[in-house]
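Each chain is listed here by its residues.
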Protein chains: 2
Amino acid sequence: MTDSRRRSPVEVEIVPPAACSIDLRLEILGALPFFATLSPEAVAAANERFREQGFVAGETITYSGESAAFLYVVASGQVKLLHHTHAGKDVLLDVLTPGEFFGNLSAQENAVYTETAVAQTGVCVLAVATQAFRAILEQHPAAALAVLDLTNSRLQATQERVRQLSAYPVEQRIAATLLRLAEKLGEEQEMGLLIQTPLSREDLAQMTGTTPESTSRVMSQMQKEGLITSGRQWVAITDQPALAALAEDGLA
Amino acid sequence: MTDSRRRSPVEVEIVPPAACSIDLRLEILGALPFFATLSPEAVAAANERFREQGFVAGETITYSGESAAFLYVVASGQVKLLHHTHAGKDVLLDVLTPGEFFGNLSAQENAVYTETAVAQTGVCVLAVATQAFRAILEQHPAAALAVLDLTNSRLQATQERVRQLSAYPVEQRIAATLLRLAEKLGEEQEMGLLIQTPLSREDLAQMTGTTPESTSRVMSQMQKEGLITSGRQWVAITDQPALAALAEDGLA
DNA sequence: CGCTACGTTGATCGCACTCAAGTATAGTGG
DNA sequence: CCACTATACTTGAGTGCGATCAACGTAGCG
C-alpha cells in the first residue's frame, strides 16, 4: 500500500544444527548470567552435564504435558514459549533469547512441562537433566541465587502482564507488548527500532490476549499516527516516547 | 432473600499484635517450607535476623513503589497482595497464608516493592533484611532451592492466570478462581466447602479482571444452578465437580 | 434503629470478537 | 525473471459479552 511496506528487514538466522556444537559450549556456559560467578573449572565440570541439541525453525522442543526431565538453555537463536488452551486459542508467553532457560526446574517426581517450546528461528539449546542442574546449584549457592533472581524477575514480568490484561484495553496492551519486545529484540535501523524476530499479527494477538484482526486494526492506527512501521512478519518502532505514553496513559 | 444467606460463616481471626511474639517464632521458622532442611541450630541462627511485626485487618504492610529492603514471611493470618493501576482499577494478585513470603527478594540496589501488601485479617509477619535472607540462602543451598521452587510454582500459577485472562470468559475465570481459593483456604462445613476468608464481590472481580457487577451476576447464576452458596463477604462451594467442569470446559 | 457498605438487578452502551471478502507479500517453479 | 500460489494482512459489517450507570434491597454495626 505505502512505501513503508518494503521487504522484510528481519534477518532470519540460519543456524544449521551442525554449527550448534562443541566449540562454543564453554564460552556460552561461562557467559550465562547464572554461571557468571563460577570458576573456570566449575564451568568445565558443569559443561560435562550438558549436551547440545539443534532445531530448525518451527520444530517443537518440548510439548506441554509431557514428562519432564530436562532443563534447556538457549545457546543461539530464539525460542517461543506457548500454552495451548482447550478452546484452541494459544497463548504466547515469551520469546527467549540466548542465555535464557526453559523446561523443568522443579524436583518433584512426576513433573511435566508446563509449556510448549518451539524454535522460532534455527536454534541451538543445551540440555541438562533437572537433577544434575539442581546438584550444580546446590554446590554453587551464588548460581542458585542468580537463578532465583531470574525466576523472580520473570514472575514480576508475568504479574505485570496480568495487570495489563485485567485493566487495560487492547491498544495499550499492544503498545506495551511492542515496547517490551523491542527492549529485548530491538535493533536500531534507519526505519526505527526494528524488532528482530519474525512476528506475525497472530503472534502479537496471542501475546496480548486478542485476535489477529483487532491487532491489525490497532497497528494500522498506530502506523497512521507515525508510531510504528510494519509489514508482513515484522514491526519497527518509529516513535518510542509516544508509544510509551500510549501504553501507560492511553493517550494517543 | 433465601435461607442460604445466613450469618457469615467466616471466622475472622482476631490476632492481637501482642500474640505475634517471641514464643512461636522458632516454631514457625522451623516449619517454613524452605527452612525445613535446616538444622535446629541453623534455624536458631536465622531467627536472630528476623523481627516480628503485627498488623490489624486493613493495615498496609508494604506499599508498591516504596524503597524495599525487607522480605516478609507470614506467620499467622492472611495477607492480600495487590497492584494499583493508573486507571484506578486494582488487581488482586494473591492471598497469602502462613508460611508464604512477600516483599523484596532481589539483590539489586534501588529495589522497590512491586506490589502492595495489605493485612486481610489480623496478621503477624516476620521481617528480615533482604541481604540477611540472601546470606542465609547462600549458606544453606537446600533452602535456596526450596525458595526457588516456591517462586517457580508461583510463576506457573501466574502464567495460568494469564492464560485464563487471555482465553476464557468471565464465568469460567470466576469458577477457576473460586476453586483455586478453595484449594488454599477451603474448609469443609455442612453447607459445603467454605472459603475461609472475608471475600467481597469486588475482591473476586479484582482477581478475575472483571467488575463487581459482573461477578455478582455470574455468582447469582451459579447459585441458581446449585454450584455455590454465598452471602456478604463469603462463598462456599456446594458442587465442586460441576464447578470444575464449568471452569475447564465452559459447560454449565 | 438508622447508617453505611455490600450486594443485586435492570437498562444501555461500546469495545472487541466473529464472519467474510478482498489485497499485498514472499516464496516457488517454470 | 516472471507468473503463480500460499499465506499474511487489511478492512468492513454485524453481533454480543461484559462494562457502565443507576436504583434498589439487605446485612452488619454502632
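Throughout, residues of each chain are indexed from 1 in the direction in which the sequence is written. Lettering of chains starts at A and numbering of ligands starts at 1, both following the order in which they are written. In view of the model being predicted, local features appear only for residues whose pLDDT reaches at least 70, and side-chain atom pairs are presented and counted only at 80 or more, with totals across whole chains, interfaces and linings using the full set of residues. Working from all heavy atoms in the structure, the side-chain values ignore hydrogens and water.

Student: How would you explain the sheet that holds strand β4 (residues 79-83) of chain B if you had to name every residue and give the values?
Tutor: Residues and elements named next belong to chain B. In short, DSSP must find at least two bridges between two strands for them to pair. Going along the chain from the N terminus, every DSSP run of H or I of four or more residues is numbered as a helix, and every run of E of two or more is numbered as a strand. Across the sheet, four strands lie side by side as β2-β7-β4-β5; this open sheet has antiparallel pairing. Of all the strands in the sheet, the pair left with one neighbour each is β2 (60-62) and β5 (91-96). The mean inter-strand angle of the sheet, taken between neighbouring strand axes irrespective of direction, is 30°. Strand direction decides the pairing type here: β4 and β5, joined by five bridges, are antiparallel. Across the sheet, V79 pairs through a bridge with L96, a residue of β5. A fitted line through C-alpha atoms serves as each axis, taken over the contacting stretch for helices, and the angle formed by two N-to-C directions is quoted from 0 to 180°.

Student: I'd like to hear about the environment of V147 of chain A, residue by residue, with values.
Tutor: Looking at the element boundaries, V147 of chain A is found in helix α4 (residues 141-167). Here V147 of chain A is in contact with F34, F101, L105, F133 and L137 of chain A together with L148 of chain B, once residues within four sequence places are set aside. Here, two residues are considered to be in contact whenever any of their heavy atoms come within 4.5 Å of each other.

Student: Got a sec to walk through the packing of aromatic side chains? Specific residues and values, please.
Tutor: Think of it this way: a Phe, Tyr or Trp ring, Trp meaning its six-membered ring, pairs with another when their centres are within 6.5 Å, and the plane angle makes it stacked under 30 degrees, edge-to-face over 60, tilted otherwise. Using the criterion set out here, one finds 16 aromatic pairs over all chains in the structure. Here Y72 of chain A and F102 of chain A contribute two aromatic rings whose centre-to-centre distance is 5.2 Å and whose plane-to-plane angle is 10°, an arrangement assigned as stacked. Taken as a pair, Y72 of chain A in strand β3 (residues 70-76) and F102 of chain A in strand β6 (residues 101-103) lie far apart in primary sequence, 30 residues in all. Assigned by exposure class, Y72 of chain A and F102 of chain A land together as buried. Arranged with centres 6.3 Å apart and planes meeting at 40°, the rings of F35 of chain B and F133 of chain B form a pair that is tilted. With F35 of chain B in the loop between α1 (22-31) and α2 (40-47) and F133 of chain B in helix α3 (residues 130-139), the pair connects residues that are 98 residues apart, well separated along the chain. Burial classes: relative accessible area under 20% of the type maximum marks a residue as buried, over 50% as exposed, and values in between as partly exposed (1.4 Å probe, protein chains only). By relative accessible area, which is 1% here, F133 of chain B ends up buried. Three or more aromatic residues link up through ring pairs in this structure, and these residues are F34, F35, F50, F101 and F133 of chain A. Here, a charge over a ring is recorded when the distance from Lys NZ or Arg CZ to the ring centre is within 6 Å and its angle to the ring normal is within 35 degrees. The lysine or arginine in question, R154 of chain A, covers the ring of F101 of chain A, its NZ or CZ lying 4.9 Å from the ring centre.

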